[in-house]
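Residue-level structural notes
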Amino acid sequence: MTLKNRYSDLFPEAGCDEAGRGCLAGPVYAAAVILPPDYFHPVLTDSKKLTEKQRDLLRKDLETHAIDFAVARLDAPEIDKLNILWASVKTMHLALDLLQTRPQHILIDGNKFKPYAEIPHQCVVGGDALYASIAAASILAKTYRDEYMMSIHGEFPEYCWDSNKGYPTDSHRKAIMANGPCLYHRKSFQLYAGGGHDASTRQQGTLPL
């Protein structure tokens, strides 16, 4: 399926997505990407549908050909102070802050967002499989986050972040049971709950007014 290059005629248009929202450990990352109107890559799609090698190759291509891009993160203590929904949206705002090109329209993956700088926006459920700029943001957020989790794996190798990247796998939960949480774990999450990567696993929260 060929992804759509834009949602709005307002240009430049920035796509935004996050990575790590459902994790038990580590930060949440978000990226904002402005692509040229004619950008095309035959493999570009939702990062979850790609292999690690494909994501890494696409990251290089996107960083080379994007009009502008930025990546931001919020660490576990900040996620615990807020809630994961607002932390995810705030991280998107931080990524947008870092863009040197001011977008005229913002495309968001998902159904929740807080207006940013009076710039019109559109939320699109499943947008990372529909729009190129959101797919690009999903790839950058994912690859930057995975890279970070690999960098801290050596501090606490017992949690196997080199393979689970902080997600609630059975092995990760068993490691938390055996060793307790560390400074990178999100203390507001249900760290000891039964397996599963769903709404019951993580702190829900709401967006602030």
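These lines cover the structure that appears in this document, whether it is placed above or below. (Residues numbered from 1 in each chain as written. Predicted model: local features only at pLDDT ≥ 70, side-chain atom pairs only at ≥ 80, totals over all residues. Heavy atoms only, no water.)

Glancing now at the overall build of the protein chain. Each helix and strand counted, the protein chain has six helices and five strands in total. When the helices and strands of the protein chain are placed in sequence order, the string is β-β-α-β-α-α-β-β-α-α-α. Radius of gyration (C-alpha) of the protein chain: 17 Å, near the 17 Å computed for a compact globule of 209 residues. Overall size of the protein chain, expressed as C-alpha extent along the three principal axes, is 55 × 40 × 30 Å. Relative to its full complement of 209 residues, the protein chain shows a buried share of 52%. Look at the contacts in the protein chain between residues 6 or more apart in sequence, and 66% of them connect residues 24 or more apart. On the protein chain, roughly 9800 Å² of surface is accessible, and the fraction owed to carbon and sulfur atoms is 53%. Separation of charge centres in the protein chain, based on 23 positive and 25 negative side chains, amounts to 4 Å. (Helix = DSSP H or I, 4+ residues; strand = E, 2+ residues; numbered from the N terminus. Rg over C-alpha atoms; globule rule 2.2 N^0.38 Å. Buried < 20%, exposed > 50% of the residue type's maximum accessible area, 1.4 Å probe, protein only. Contact = heavy atoms within 4.5 Å. Areas by Shrake-Rupley, 256 points an atom, 1.4 Å probe, with all protein chains shown as cover. Lys, Arg positive; Asp, Glu negative; His and termini not counted. Charge placed at Lys NZ, Arg CZ, Asp CG, Glu CD.)

Now for empty space enclosed by the protein. If you roll a probe as big as a water molecule over the atoms, it shows you where there is empty space left. The tally for this structure, following the rule as stated, stands at one cavity of 30 Å³ or more. Approximately 70 Å³ is the volume attributed to the largest cavity. Looking at the largest cavity, the residues that line it are N5, R6, F11, E13, L35, P36, P37, A132 and S133. (1 Å grid on protein atoms, 1.4 Å probe; cavity = no way out; pocket = protein on both sides within 12 Å on 5 of 7 lines; lining within 4 Å. Points joined across faces, edges and corners; volume = space filled by probe spheres on them.)

On to helix α3 (residues 84-98), then. Across its 15 residues, α3 extends 21 Å between first and last C-alpha, which sits within 8% of the 21 Å expected from 1.5 Å per residue. Here α3 lies mainly inside the structure; eleven of its 15 residues are buried. Those residues of α3 not exposed but buried are I84, L85, W86, A87, S88, V89, T91, M92, H93, A95 and L96. Where α3 is buried, its residues touch β1 (13-19), β2 (28-34), β3 (68-74), α2 (76-81) and β4 (105-109). (Expected span 1.5 Å × (residues − 1).)

So, about unusual backbone geometry. The peptide bond linking F11 to P12 adopts the cis configuration, its omega dihedral lying at 10°. Tracing the chain through its elements places P12 in the segment before β1. Positive phi, normally seen in glycine, also occurs at C160, with a value near 60°. Relative to the helices and strands, C160 is located in the loop between α4 (132-153) and α5 (161-164). Its identity as a non-glycine residue notwithstanding, K165 has a phi of 55°, on the positive side. With respect to the helices and strands, the residue K165 is situated in the loop between α5 and α6 (170-179).

Within β1, six of the seven residues are buried, which leaves the element mostly enclosed by the surrounding structure. Across four bridges, β1 lies against β4 in parallel orientation. In the sheet register, C16 faces β4, and the bridge partner there is I108. Relative to β2, β1 runs antiparallel, the two being bridged by six bridges. Residue pairing across strands places D17 opposite A31, the latter belonging to β2. (Pairing = 2+ DSSP bridges.)

Below, the discussion takes up the packing of aromatic side chains. All told, the structure shown has seven aromatic pairs when counted by the stated rule. Seen from their ring centres, Y7 and Y131 are 5.9 Å apart, and the 65° between their planes marks the pair as edge-to-face. Taken together, the residues span a long stretch of sequence, with Y7 in the segment before β1 and Y131 in the loop between β5 (121-124) and α4 at a distance of 124 residues. Seen in terms of ring centroids, Y159 and W161 are 5.3 Å apart; in terms of plane orientation they differ by 15°. Their pairing is stacked. We classify W161 as buried; its relative accessible area is 0%. Pairwise contacts between aromatic rings join F156, Y159, W161 and Y184 into one cluster. Over the face of the ring belonging to Y144 we find R59, whose NZ or CZ atom lies 3.9 Å from the ring centre. The ring of Y167 is capped by R145, whose NZ or CZ atom sits 6.0 Å from the centre of that ring. (Phe/Tyr/Trp six-rings, centres within 6.5 Å; stacked < 30°, edge-to-face > 60°. Lys NZ or Arg CZ within 6 Å of the ring centre and 35° of its normal.)

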